[in-house]
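# A structural walkthrough
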Amino acid sequence: DGGITQSPKYLFRKEGQNVTLSCEQNLNHDAMYWYRQDPGQGLRLIYYSQIVNDFQKGDIAEGYSVSREKKESFPLTVTSAQKNPTAFYLCASTNSRSGNTIYFGEGSWLTVV
Amino acid sequence: QQQVKQSPQSLIVQKGGISIINCAYENTAFDYFPWYQQFPGKGPALLIAIRPDVSEKKEGRFTISFNKSAKQFSLHIMDSQPGDSATYFCAASMEYNFNKFYFGSGTKLNVKP
């Protein structure tokens, strides 16, 4: 089945540590996104990528980094510079052929310990 | 500046009742308005969407009403069921820039049996 796979589902990070969240899609979508969701709040855009080897900052990019070396993959690194990283992270993808529909993965919970 | 404003933040409805969630936007260039449903610990999933050339779209118990002049759109859930209990997000995007989606802050719906 086509879809977006995020891993791991749960991740614990120690203070000062970098962690990477994986996102893989087999929908052949051009555009991929990372959103952050805090409890009881909406979705905030971290980074997005429209094509391979190109990505743009979203509204809350500070303390995060991404790469887009393959069309299918868009990993997110939460660096030690991100002061409050505990949140639910959602990867998504879309393209013009999906009729503007944005598809989401199942999400990854990151907790700082 | 919040591009899409959503209300209420939370909603309690009795089984069989009508749930109504409202959204307002500012940018008249938006031309695609989807609603997403999110269950706890899961990624949002597309529920129903509308374009501004129609004033209403219905799919089963779910209806979007769209008022272009007022720059408002709403989701109506008829005969609400406990299984509808979830968080609902409205969103807006532009066809020529389908990579940018603007989400509302979400409404947590609780349908009581």
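See above for the structure.
### Quick word on the overall build of chain A
- Broken down by element type, chain A carries zero helices and eleven strands.
- Secondary structure elements of chain A, listed N to C terminal, follow the sequence β-β-β-β-β-β-β-β-β-β-β.
- On C-alpha atoms alone, chain A measures out to a radius of gyration of 13 Å, which is about the 13 Å that the 2.2 N^0.38 rule sets for 113 residues.
- Seen through its principal axes, chain A has C-alpha atoms that stretch 40 × 25 × 20 Å.
- Sequence-distant contacts, at least 24 apart, represent 52% of the contacts inside chain A between residues at least 6 apart.
- For chain A, the exposed area adds up to about 5,400 Å²; of that, 47% sits on carbon and sulfur atoms.
- The averaged location of the 11 negative side-chain charges in chain A is 4 Å from the averaged location of its 11 positive side-chain charges.

### Quick word on the overall build of chain B
- Counting its regular elements, chain B contains zero helices and eleven strands.
- Order of helices (α) and strands (β) in chain B, N terminus to C terminus: β-β-β-β-β-β-β-β-β-β-β.
- Expressed along its principal axes, the backbone C-alpha trace of chain B runs to roughly 45 × 30 × 20 Å.
- Of all 113 residues assigned to chain B, the portion counted as buried reaches 47%.
- Sequence separation of 24 or more characterises 52% of the internal contacts of chain B that already satisfy a separation of 6 or more.
- Here chain B displays about 5,500 Å² of accessible surface, and carbon together with sulfur accounts for 49% of that area.

### Thoughts on the nonpolar core
Residue and element names in this part refer to chain B.
- Of all hydrophobic cores here, the largest spans 26 residues; its most connected members are F30, F33, W35, F73, L75, Y88 and L109.
- Of all the elements in the fold, those that place two or more residues in this core are β2 (10-14), β3 (19-25), β4 (33-38), β5 (45-50), β7 (62-67), β8 (72-77), β9 (86-94) and β11 (107-112).
- Here this core gets five residues from one element, more than from any other, and that element is β9.
- With residues up to four places along the chain from it excluded, the contact list for L75 reads S19, I20, I21, W35, L47, I48, F62, T63, I64 and Y88.

### Comments concerning the environment of B:Y32
- Note on placement: B:Y32 falls in the loop between β3 and β4.
- For the pair formed by B:Y32 and B:P52, sequence separation is 20 residues and the distance between their alpha carbons is 7.1 Å.
- Side chain to side chain, B:Y32 and A:T101 meet in a polar contact 3.5 Å long.

### Topic: the pairing of strand β5 (residues 43-51) of chain A
Residues and elements named next belong to chain A.
- By the bridge criterion, six bridges tie strand β4 (residues 31-37) to β5 in an arrangement that is antiparallel. The residue of β5 that forms the bridge with W34 is Y47.
- Adjacent in sequence and paired antiparallel, β4 and β5 are bridged by five residues, among which G40 carries a positive phi angle near 75°.
- Here three bridges tie β5 to strand β6 (residues 54-57), and the two strands are oriented antiparallel to one another. Considered in β6, the bridge of I51 is made with D54.
- Where β5 hands over to β6, the hairpin turn is made up of two residues, of which N53 adopts a positive phi near 65°.

Rules and cut-offs
- Residues numbered from 1 in each chain as written.
- Chains lettered and ligands numbered in written order.
- Predicted model: local features only at pLDDT ≥ 70, side-chain atom pairs only at ≥ 80, totals over all residues.
- Heavy atoms only, no water.
- Helix = DSSP H or I, 4+ residues; strand = E, 2+ residues; numbered from the N terminus.
- Rg over C-alpha atoms; globule rule 2.2 N^0.38 Å.
- Contact = heavy atoms within 4.5 Å.
- Areas by Shrake-Rupley, 256 points an atom, 1.4 Å probe, with all protein chains shown as cover.
- Lys, Arg positive; Asp, Glu negative; His and termini not counted.
- Charge placed at Lys NZ, Arg CZ, Asp CG, Glu CD.
- Buried < 20%, exposed > 50% of the residue type's maximum accessible area, 1.4 Å probe, protein only.
- Core = buried A, V, L, I, M, F, W, Y, C linked by side-chain atoms within 4.5 Å.
- Polar contact = N/O pair within 3.5 Å; in protein donor to acceptor, adjacent residues only side chain to side chain.
- Pairing = 2+ DSSP bridges.

Remember that the coordinates give geometry; whether it matters functionally is a separate question.
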